[in-house]
Each structure stands twice: as C-alpha cells, then as structure tokens.
Amino acid sequence: MCGIVGYVGPNSTIDVLLGGLKRLEYRGYDSAGIAVLTDGGELGTRKRAGKLGILAEDLTAAPLNDGHTGIGHTRWATHGGPTDGNAHPHLGDGGKLALIHNGIIENFAELKQELLDRGETFSSETDTEVAALLVGEVFRETGDLTQALRRVVARLEGAFTLLVMHQDRPGVVVGARRNSPLVIGLGEGENFLGSDVAAFVEHTKRAMEIGQDQIVTITPDGVEVTDFAGNEVPTREFEVAWDASAAEKGGWPSFMKKEISEEPEAVAKTLLGRVHDGRVTLPELAAIGELLDGVDRIVVIACGTAAYAGMLGKYALEAWARVPVDVELSHEFRYRDPVLSPTTLVVSVSQSGETMDTLMAVKYAKERGARTLSICNTQGSTIPRESDAVLYIHAGPEVAVASTKAFVAQVTALYLLGLDIAQRRGTMDADAVAAQVEELQNIPAKLDQVLESTATRIAEFAPWLGDTQSVLFLGRHVGYPVALEGALKLKEIAYIHAEGFAAGELKHGPIALIEPGQLVIVLVPSPRHDDSLHPKVVSNIQEIRARGARVIAIAEVGDVAVVPYADEVIRIPFAAPLFEPILGVVPLHIFAMELASAKGLDVDQPRNLAKSVTVE
Ligand code: M6R
C-alpha cells in the first residue's frame, strides 16, 4: 500500500511527481502529497486528503514553485485517518527535510516518546513522522543525508520504504527499503525512484532493482546503492517490458474494463515462447530443475484472487503431474508450523510480487528448507527476487484494484508448470501433453468469443440487479474456485454481499439461505465432459429453483438442459474440463464490473482497498 515516487533532474519535478503518482494511485488513494525543492532553494510541500485529483486541482488553483528535486506519495492509511495532516510528506529538521513512507514502523510509539522527551513536536498521528524527525536530528549532526537515513533505519522495526530529501541538499533523494518495494529508474541526466516501474516508465524503461535492507542515493548523474551497513552491493539492471501506454486507460471508461478486454491477450502472452510442437519449455525453471524432477509435494501460497488461481492450479498439477498439492492462504501458512522439506516446492502466486503476506510466507518457506518458485506479473518486484525461480506471466500492468487479466494468466502459468512437471516425470505421454497444450493455445480465441458474446448482454441486464443485496455463486470441481472468484469480485467492487460455494456443499447448510428472490449464479460444466458433473449441477439448480431462487447460469453453447431452470443463461464455448474455468470466469468479471458501474461506483478504486497489500 502507498505509492512512492522520487525525482532528480532537469524537468518539471511537479509534472514528474504527479505523473508518477497517477500511475501509482492504484496502491492507495486516501491522500496524496508532494515535496519539491524550489529553484529558490526552499522546500515546498502540498498534501491533501482524498484522491490524487484533489491535490492536482489544488496545485492548479494555487501553484507551488517548481524545482528539480522532489518526492511524492499516495497513501493507504494505516496509522492515523485519511486527513490533510496525516498525508505525506512529513517534515523534520525544522521543516527543511521531507520524508515519505510506505509500510509500518512497528516501534514508532517508543521512538515517539523518546522524541517527545527531547522536546520534538508532532503534527500528525502517523508512525512516519518519527522517521522524519529522527532523520532530521541526525542530519543536523552529520550534514550527510545518506548517513542520516542509514543511522535511523537501524533503529526502525517493521516494514518500510522511506524516501527523504533536504533543503540543503539540492539534487539528492535518498531511499531505503526493508520488506517494502522500491525500484530505481535510470535516465539521462535524471534519475527516479518508485514503488514500481509504473512510477517512471513514461520517462525511462531502464530500471534497477534494490535488494532488501539497502539504501540508494540518487543524483541527476549517479546512483549509489549500499547495504544498511554502508557496504557497496551488486545491482541488477533490467529493461521494463511494457510501454507507458500499457498503463493508460486508452479510451476505456475504466482500467477494469480495459483489463477484462485484455484477458485473451494475457493468456496468449503467458504462453508466448513457452509452447512448441506440443511441448512445454520453461527455461526459467532451470535453477529448480533438479527439484522438479523429484518433487514430492507442492504448496501453493497466495492471497485473494491469486489464491483462487492457485486452487485451479491444484486440479491441473495433481491430474497431470501426479504430485500432491496444497493451496494455502499465505497469512495462514506461516503461522501454523507447516511440514516442509527440501523436496517440497513452494509456489507463490502474486500479481504485484509485493503482497506482504505472501512475501513473508516465501521467506518462511526458504528458512525451513523448501525451494521456492514465484508466479508473478511485476518485473523488479520483491517476491521474485526472494525466490529460487520465477515464471513471469507477462500480462502487462494491471492497474484496477480488482484483479482480472492476472487471474487467467496465473492459471495459465500454473497449467504450464503442471505440464512441465508431467513431462519431466513422465506422468503423461507426449500425445496427452500435446492435447493439453493445444487446449491452452485455443484459450485466447475462445476468450475473445466469450467477450464478444457476453459483454453486451451482461451490460444490459446487470443494471436491473442494482438493488440486489446478496448473491450466491455455485460451482463444482474447477467451477468452485471460479464461484469464489465471482463472489470476491462482487464484494470488492460492487459492495454486495456474496458467497461462493461448492455446489455439493449446498445441502450441508448453505441451502438454508435460499429464499424467494435470492440471486444465485451457477457455473454449469459442459454436458459433453466425460464425467457426471453436469446432471449433478442441473439437479442443484432445480433444488434452489424449487425454493424460489433466481438463477443465472453460465453454461456451454448448446446446453439446453439448463434452460428450463434458469432465468438467464450466459453462453461460453466448449472447453475441456480443466480449461472451462478460464472461460467461465470472464462473465463473472464483467458482471461485477457492470453491477458496480450501474450503482455509480468507482470500479477501479473501490473503498478501503489498495491494489498491492504491502502490510500484514
Ligand atoms: O498482488 P497479489 O496477486 O499478491 O494480490 C493478492 C490479492 O491481494 C488480490 O488478488 C486481491 O484479492 C484482488 N484485489 C482481488 O481482485
């Protein structure tokens, strides 16, 4: 949570900061603020509660003098409410130093008392202000901003990215990170810092990673990275794989709508270069190749939508690679003393690569001797760095808080992993692998069909459901994680109570919720699948209809058996069982978006949430 940007260079600092914050606003939108060292040599700050637009309007109405050194922040509130006073930057050294922060300083109360005892005064309720005041004190003593930050971070407990600048040090921004993201952008005669590359990608695609517990000092002509002890450390430069335009709305009414439209492309990009002649090739897994040959257990760790992708991965990995798979919420996993061994592979799934719960679970798994693989979308993020290997999904930037295209891409990546292990272990013959590869390769075109045939219809009827108080989602087998995903999306962006259930569980309790008018959305498996699930789900629909439920069925084109029992049928093309959920989830994404839009809600920035959950 919280987006951070820093800039030193010849261009308008205010423009660079506001542009960067606009692209980082998905990380938090409780308040926004900037600090700029003006050409007159004064530190100017402006900060406002609410979304970035409020700050931008304020700056238009009463411009701040521009300069060539600055920092900017967009906040997801932790300590202290979303007010002007609690917005960042916070000041130290009598107002000459500005500091911004992402994370939580856990020992702030004790540090605050110490500062109060020394006569310092506070103007906010945040944990951040202690860091600003402490760095200010050490800077007064040493005159060295990097050293001042180094001395202070040694005293902080918790997770943090801090950026600091001082009126007496024009052209210098210093950053530090511990368990919270920070990336360097390398320009010509200018340099940038950002929570992720989106902060500066419109100015440069050259980026550099910063490791945990490291400090970076940027000037227009140089970048110096050291560890917290002051030793120089090796750095790794990389090229951002997407253009700034990929993180723009590009004429779409919302990022969510744009990103749903990109679901076919996201799957295609995940497959690109990884399937040849009916085989899967994943050179990225070389570092864990030996383990994959003999892996005896896989644990998938993730949160939210990524965890539902993990649940789908379990079905495929077990069916194809014949390896037992557990799927766990990251925040539960590491607090329950799980059994891990050197032959266990822990697979983290995270779009952002920064989810704190998942990062901590990865570290925990490594400490206990397991090998780790990250399935991730965001280059330069922390979880891949902390993992033994990474499989990037290459879905392009996902800006809307609700995860959509990343979900289908994550499932695709997990399926590729399943087929790769199956090839290594010989649990499938070449023809069987080739058949599944073909199914995967057909998914983008089928997703195009789903978008084409369902988007308009859902947009027509969703507004009529605007008053709905509660929606239940049902699915069996691979339909179950999709039901959970559909319910999460509706809660998250339409603020409607929703629950996903395994359809077989209905009679074990949830059916008591059905009363006349209750809306139930059912994922109906194809009647052409070689299993007995279709008639069972149709029976479930009959049972709830008999109790007055209104039913929307997501069913295969040509499945007439559902028609008498559904108020509405949304059609998807045929796909083999394991691939059907990648198609079936898209109408649920559209449904949540349309219902939220009909209620007049901001689908990209739902209340109380942030895209990247970097606090536990
Ligand atoms: O960045 P991650 O994939 O690690 O994020 C995990 C969850 O926070 C995320 O999927 C969340 O549930 C989404 N907002 C759901 O749409």
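Residues numbered from 1 in each chain as written. Predicted model: local features only at pLDDT ≥ 70, side-chain atom pairs only at ≥ 80, totals over all residues. Heavy atoms only, no water.

**Q** How should I be thinking about the overall build of the protein chain in this particular structure?
**A** Each helix and strand in the protein chain was counted, giving 17 helices and 26 strands. Compactness check: the protein chain gives a C-alpha radius of gyration of 25 Å against a globular reference of 25 Å for 616 residues, within 12% of the reference. The C-alpha extent of the protein chain, read off along each of the three principal axes, is 75 × 55 × 40 Å. Looking at the protein chain residue by residue over its 616 residues, the buried ones come to 62%. With the model as given, the accessible surface of the protein chain reaches about 21,900 Å², and the carbon-plus-sulfur share is 49%. Placing the 55 positive and 83 negative side-chain charges of the protein chain at their respective mean positions leaves the two points 3 Å apart. (Helix = DSSP H or I, 4+ residues; strand = E, 2+ residues; numbered from the N terminus. Rg over C-alpha atoms; globule rule 2.2 N^0.38 Å. Buried < 20%, exposed > 50% of the residue type's maximum accessible area, 1.4 Å probe, protein only. Areas by Shrake-Rupley, 256 points an atom, 1.4 Å probe, with all protein chains shown as cover. Lys, Arg positive; Asp, Glu negative; His and termini not counted. Charge placed at Lys NZ, Arg CZ, Asp CG, Glu CD.)

**Q** In this structure, what is going on with the sheet that holds strand β26 (residues 568-572)? I would like to understand it.
**A** Across a sheet, strands are paired by hydrogen bonds formed along the backbone, either parallel or antiparallel in direction. The parallel open sheet is built from 5 strands, whose spatial order is β23-β22-β24-β25-β26. Either end of the sheet is taken by a strand with one partner, and the two such strands are β23 (497-502) and β26. Neighbour-to-neighbour, the strand axes of the sheet open up by a mean angle of 20°, direction not taken into account. Bridge analysis of strand β22 (residues 470-475) against strand β24 (residues 519-523) gives 4 bridges, and the strand direction is parallel. Residue pairing for β24: L472 is matched across the bridge by V520. The sheet strands contacting helix α16 (residues 533-545) are β22, β24 and β25 (550-556), and the helix crosses β24 at an angle near 175°. (Pairing = 2+ DSSP bridges. Axes fitted to C-alpha atoms, helices over the stretch in contact; angles between N-to-C directions. Contact = heavy atoms within 4.5 Å.)

**Q** So what exactly am I meant to see when it comes to helix α15 (residues 479-494) here?
**A** Along an α-helix, residues three or four apart share an orientation, since each turn contains 3.6 residues. Given a rise of 1.5 Å per residue, 16 residues ought to cover 22 Å, and the 22 Å separating the end C-alpha atoms of α15 matches this to within 8%. Counting buried residues along α15, 13 of its 16 residues qualify, which places the element largely inside the surrounding structure. Y495 sits one or two positions beyond α15 and adopts a positive phi of about 55°. (Expected span 1.5 Å × (residues − 1).)

**Q** Looking at this structure, I do not really get the site of the ligand. What am I missing?
**A** Taken together, 14 residues sit near the ligand, with S350, Q351, S352, T355 and E492 positioned nearest. Interatomic distance of 2.4 Å between a side-chain N/O atom of T355 and an oxygen atom of the ligand. Protein contact buries 91% of the 420 Å² of open area that the ligand shows by itself. Counting residues per element, the ones that place at least two in the shell around the ligand are α9 (304-321) and α15. (Near = heavy atom within 4 Å. Polar contact = N/O pair within 3.5 Å; in protein donor to acceptor, adjacent residues only side chain to side chain.)

**Q** Is there a simple way to explain the domain arrangement of the protein chain in this structure?
**A** One frequently used descriptor of interface size is the decrease in accessible area upon assembly of the parts. Domain boundaries assigned for the protein chain yield domain 1 (3-246) and domain 2 (255-598). Taking only C-alpha atoms, the centre of domain 1 and the centre of domain 2 are 37 Å apart. Taken together, the 18 residues of domain 1 in the interface contact 14 residues of domain 2. Note on domain 1 versus domain 2: buried area summed over both sides is about 1,500 Å², and carbon and sulfur give 54% of it. The largest share of the area that domain 1 buries against domain 2 comes from Y26, N179 and E209, three residues that together contribute 32% of it. Along the contact surface separating domain 1 from domain 2 lie 1 salt bridge. (Domains from an automatic or database assignment. Buried area = accessible area lost by both parts, 1.4 Å probe. Salt bridge = Lys/Arg side-chain N within 4 Å of Asp/Glu carboxyl O.)

**Q** What's the story with the packing of aromatic side chains in this structure? I'm lost.
**A** Here a ring pair, both rings aromatic, is described through the centre-centre distance and the interplanar angle of the planes. A complete count under the given rule lists 8 aromatic pairs for this structure. Taking the centre distance of 6.4 Å and the plane angle of 10° together, the rings of F160 and F228 count as stacked. Highlighted residues: F160 in strand β7 (residues 158-166) and F228 in the loop between β13 (222-227) and β14 (236-239), separated in sequence by 68 residues. Ring plane angle 40° and centroid distance 6.3 Å describe the contact between F461 and F591, whose orientation is recorded as tilted. Linking F461 in helix α14 (residues 430-461) with F591 in helix α17 (residues 580-598), this pair joins segments that are 130 residues apart in sequence. For F461, a relative accessible area of 10% puts it in the buried group. F591 sits in the buried class, given a relative accessible area of 2%. Taken together, the aromatic side chains of Y7, F192 and F200 make up a single cluster linked through ring pairs. It is K51 that lies over the ring of Y29; its NZ or CZ is 5.3 Å from the centre. Sitting above the plane of the Y495 ring, R607 keeps its charged end 3.8 Å from the centroid. (Phe/Tyr/Trp six-rings, centres within 6.5 Å; stacked < 30°, edge-to-face > 60°. Lys NZ or Arg CZ within 6 Å of the ring centre and 35° of its normal.)

**Q** Looking at this model, I keep getting lost on the nonpolar core. Mind explaining?
**A** A general feature of soluble globular proteins is that nonpolar side chains tend to end up buried together. The biggest cluster of nonpolar side chains holds 129 residues, and the ones touching the most others in it are I34, I298, V347, Y415, L490 and F591. Tallying contributions element by element places helix α13 (residues 405-425) first for this core, with 13 residues. When residues of this core are assigned to domains, at least three fall in each of domain 1 (3-246) and domain 2 (255-598). In this structure, L97, F108, A131 and F139 belong to the second largest nonpolar core, which totals 29 residues. (Core = buried A, V, L, I, M, F, W, Y, C linked by side-chain atoms within 4.5 Å.)

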